[in-house]
Amino acid sequence: MLERKSDLFFSALVAGALLICLMFMDAAISQRLDREFVQERREVVRVLTLTDLCLFTEARYTRHPSMADLHTPFQDHPMSFDHFPSGAIMAVPPHLKRKAGTLQRWISDPRERQ
Amino acid sequence: MGAIEKQRNILDFTLSSLGRRKGKNIALVVVYTFVIFLLASVLFFTHSLKKEAFLILQDAPEMTVQRLLAGRQDLIPTHYIDTIRQIRGVQSVAPRLWGYYYDAMSGANYTLMVNAELNDRAGEIIIGNGVSMRSMSGKRNQALRRNDIIPFKTYDGSVLTLKVRGLLPFASELVTADLILVSEADFRKLFSIANDQATDLVLNVRNAKELSTIAAKITQIHPDTRPILREEILRTYDAVFDWRGGVIFMVLSGVFFAFIILAWDKATGLSAEEKREIGILKAIGWETSDILLMKFWEGSAVSMAAFFMGIFLAYLHIFLASSILFEPVLKGWSVLYPSFRLTPYISVYHIATLFFLTVIPYTVVTIVPSWRSATIDPDSVMRM
Amino acid sequence: MIRLQNVRKVFNADKANEFVAIEGVNLSIDSHGATVLKGPSGSGKTTLLSILGCMARPTSGRIMLKEREITSLPERFLTEVRRETFGIVFQQFNLIKGITALENVMLPAYPNGEKHASLKKRAMELLDLLNLIGKAFSKVEWLSGGEAQRIAIARALINNPAIIIADEPTAHLDTRLSREFMEIMRQLKKEGKTLLIASHDPIVYDSTVIDRIVEIRDGKIVSSGDIP
Ligand SMILES: Nc1ncnc2c1ncn2[C@@H]1O[C@H](COP(=O)(O)OP(=O)(O)O)[C@@H](O)[C@H]1O
Ligand SMILES: [Mg+2]
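Residues numbered from 1 in each chain as written. Chains lettered and ligands numbered in written order. Predicted model: local features only at pLDDT ≥ 70, side-chain atom pairs only at ≥ 80, totals over all residues. Heavy atoms only, no water.

Quick notes on the overall build of chain B
- For chain B, the helix and strand inventory stands at 13 helices and 13 strands.
- A compact globule built from 384 residues would reach a C-alpha radius of gyration of about 21 Å, whereas chain B, at 31 Å, exceeds it by more than 25%.
- In terms of its C-alpha atoms, chain B occupies a principal-axis envelope of roughly 100 × 50 × 40 Å.
- Here chain B holds 384 residues, and the buried ones make up 55% of them.
- When contacts within chain B are restricted to residue pairs at least 6 apart in sequence, those whose partners lie at least 24 apart make up 80%.
- Total accessible area computed for chain B in this model is approximately 16,600 Å², and 61% of it derives from carbon and sulfur atoms.
- For chain B, the centre of its 40 positive side-chain charges and the centre of its 35 negative side-chain charges are spaced 2 Å apart. (Helix = DSSP H or I, 4+ residues; strand = E, 2+ residues; numbered from the N terminus. Rg over C-alpha atoms; globule rule 2.2 N^0.38 Å. Buried < 20%, exposed > 50% of the residue type's maximum accessible area, 1.4 Å probe, protein only. Contact = heavy atoms within 4.5 Å. Areas by Shrake-Rupley, 256 points an atom, 1.4 Å probe, with all protein chains shown as cover. Lys, Arg positive; Asp, Glu negative; His and termini not counted. Charge placed at Lys NZ, Arg CZ, Asp CG, Glu CD.)

Below, the structure is given as structure tokens:
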């Protein structure tokens, strides 16, 4: 049946489309299975009166983006760099990170200096 | 019937033809698949995260009231509670006490938050899963457990030791990874916050429709406050991920365009051999449109293969392999981050968008430049 | 069957390197005969064949195919006429490398939309006729010169054309293979095909298959007599 290359091609297309369907099915099943966890998270959010996802703990405005005011950048974590698109594609220079880290430790724990 | 058979015949030849430069074409498909894989991964990831945020933040406080001082958020006096409670439609007002704690030992930032349930259990804390993994007690590579003692440095440099009472549910890590719940007394002791001050206020209203009126009234009574509505929280998450996804998408689009230019270059720089073949096909009776049809199938075959593989791999990557390639971006500079498995939310709209943004341009780019070669005079073949 | 009236072909018209390849050609080719275009290299044989085979348009003059004026037909129809009426065997064979002999033979029929199975059957029959059945699934670059030419002939025959055109068919063949080629031509003529061959090889124009020799020199016909 698959002696022609075009048959093979169309079978591959059908297989690809099926794969996409399978993805949607898997997604639907996972959503159903995860419903109880979503419910649990929702409950935790309600009970603890949380306002944000804990995704990025590097700075105040990344940990609690919805609570951040307009002036928070530069004020939070010693390693925070900036709030703007460049921050998403540009890393902080390593020396800056190290210095800032040392400085922070030095400020918070003078004994470590020895 | 004849038309379909013609398409299949030409497709047969196209595939045979592609099979001849196997190495080159496979390399092309691999690179192309990777580009689509990256684009799809970004889309899947941001979409699912947005959806997740939207679902679980449904029960976030209806309204949060902050106080601003010199452009920064500042502690809010608790007597604001009484005046706000007076406003018609306000059901309840409660103070929240929370803040950040930087642990020099692990280099991590934690979110400290007061929970009323601990109020008669001063000296005890409940921690999120991420906190337990980041040992603060000096015991390296060992998760914190119940009854472990953790030293905290207070505002004046003295040490306050607190005992782990328990862990927050594992499933809630996406919202609680860095949380440390403490009693009100310990919190005030740690940061020296007076009893008549709170971090912010959360309130419930009787009728959600009145939220904005109530917010307006609050800023009228207390001009130094800033109310944040739940609706705004939900919108924030849409924007944050659109923004983040957008930046990455822009960079990846650059990659994609570079790829398209490559394809264009390949198609315009048809080799002498390919041009000769087009001449032969024309001389033996193929029309210009048949040649273009062949090029159409060539572009479709390559891009469809890459499209399906790219999409599928992206799905596996994001939802089964925990977005492993995005880890550097996601972790960023944070020492502490949640480990979570995203629930897959995918939309037909995204798949279609990807299709129209990748398969169509690539196919067009393979057809258009071959137009010139397709119109060569067939008699040139007589002299080859 | 084909009539040329006062045909002229100019290359690079109005440029410094303008070249008149064909000048004032009047020629009438009948059905079911074998005609040879004979002349030295550069005399315009190939150019004339391309015009006869609807692959190139003359600069001026008219071409009639079965009493139908085709000089002014649009490209699409010309292609269709070419596909249905002419089978061409190129001097360099011009097979497509990397695909099988069978696919090469089937190629001219692809745009017709014929059912794959019946097309394949016909192609196999042709290969059988030309003693090539064993080579059907070989890649063409592995074939010898003689085999490659027979594949090219099979390809020329797949659309069952009335006229077979061959340009210097024996140029790359030794004497034995050249004679073999003429035998195939004899066979085709017997089946009713019209043959048009350009050659300056005596094996071709002295062959008993040939009915008529048209001599060209410098783009002009110097004699177009029938062989008695
Ligand atoms: N595309 C072209 N442009 C310019 N001159 C050409 C072109 N094609 C053929 N010629 C010239 O036309 C003349 C006739 O060529 P051709 O028909 O190939 O002769 P033959 O096949 O008899 O050897 C030759 O002198 C050749 O150089
Ligand atoms: Mg010639």
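So, the environment of L144 of chain B
All names here are of chain B.
- Positionally, L144 belongs in the loop between helix 4 (129–133) and strand 8 (149–153).
- Take L144: its relative accessible area is 2%, and that puts it in the buried class.
- Once the C-alpha coordinates of L144 and L293 are considered, the two residues, 149 residues apart in sequence, prove to be 66 Å apart.

Quick look at the sheet that holds strand 5 (residues 68–69) of chain C
Residues and elements named next belong to chain C.
- Spatial strand order, 2-1-4-5: four strands in an open sheet with antiparallel pairing. Two strands in the sheet have a free side with no partner beyond their single neighbour: strand 2 (19–29) and strand 5.
- Of the strand pairs in this sheet, strand 1 (residues 2–11) and strand 2 are connected by seven bridges, and their pairing is antiparallel. Looking at strand 2, one finds that F11 is bridged to F19.
- Along the sheet, helix 1 (residues 45–52) contacts strand 1, strand 2 and strand 4 (60–65); its crossing angle with strand 1, the most-contacted strand, is approximately 125°. (Pairing = 2+ DSSP bridges. Axes fitted to C-alpha atoms, helices over the stretch in contact; angles between N-to-C directions.)

Re the site of ligand 1
- With respect to spatial proximity, 13 residues lie near ligand 1, and among them R383 of chain B together with G42, K45, T46 and T47 of chain C are the closest.
- In this structure ligand 1 sits where residues from chains B and C come together.
- With respect to ligand 1, the backbone of S43 of chain C contributes an N or O atom lying 3.3 Å from an oxygen atom.
- For ligand 1, whose free accessible area comes to 560 Å², the fraction covered by protein is 68%.
- Every element with two or more residues in the shell around ligand 1 is listed here: strand 2 and helix 1 of chain C.
- Its residues assigned to classes, the shell around ligand 1 comprises four nonpolar, seven polar and two charged. (Near = heavy atom within 4 Å. Polar contact = N/O pair within 3.5 Å; in protein donor to acceptor, adjacent residues only side chain to side chain. Nonpolar A, V, L, I, M, F, W, Y, C, P; charged D, E, K, R; others polar.)

Re unusual backbone geometry
All names here are of chain C.
- The phi angle at D14 is positive, at roughly 60°, despite the residue not being glycine.
- Taking relative accessible area as the criterion, D14 reaches 74% and is therefore assigned exposed.
- Even without a glycine there, the phi angle at N94 is positive, about 55°.
- When you line up the elements, N94 lands in the loop between strand 6 (86–89) and helix 3 (101–106).

Considering the interface of chain B and chain C
- Taken residue by residue, the interface counts 27 residues in chain B and 33 residues in chain C.
- Counting the surface lost from both chain B and chain C, the interface buries some 2,900 Å², and carbon and sulfur atoms represent 57% of this.
- Broken down residue by residue, the surface that chain B buries against chain C is led by I284, E287 and M382 of chain B, which jointly contribute 24%.
- The interface formed by chain B and chain C contains two salt bridges.
- A salt bridge links R76 of chain C to E287 of chain B; the shortest N-O distance between them is 3.6 Å.
- Counting across the chain B and chain C interface gives 11 residue pairs in polar contact (both at pLDDT 80 or more). (Buried area = accessible area lost by both parts, 1.4 Å probe. Salt bridge = Lys/Arg side-chain N within 4 Å of Asp/Glu carboxyl O.)

Comments concerning helix 10 (residues 288–320) of chain B
Residues and elements named next belong to chain B.
- When the terminal C-alpha atoms of helix 10 are compared, their 47 Å separation across 33 residues agrees well with the 48 Å that a helix rising 1.5 Å per residue should span.
- Counting buried positions over the 33 residues of helix 10 gives 25, a clear majority of the element.
- Downstream of helix 10 by one or two residues, S322 has phi in the positive range, about 50°. (Expected span 1.5 Å × (residues − 1).)

Some thoughts on the sheet that holds strand 8 of chain B
Residues and elements named next belong to chain B.
- As summarised here, the arrangement of the six strands in space is 5-6-10-7-9-8, forming an open sheet in which the pairing is mixed. Two strands close off the open sheet at either side, each with one partner strand: strand 5 (98–103) and strand 8. The mean inter-strand angle of the sheet, taken between neighbouring strand axes irrespective of direction, is 40°.
- Pairing geometry for strand 8 and strand 9 (residues 159–167), over five bridges, is antiparallel. In the strand pairing of strand 9, P151 is matched with T161.
- Packed onto the sheet, helix 6 (residues 184–191) meets strand 5, strand 6 (108–114), strand 7 (124–127), strand 8, strand 9 and strand 10 (179–182) and runs at close to 130° relative to strand 6.

Purely geometric stuff here, so don't read any function into it on its own.
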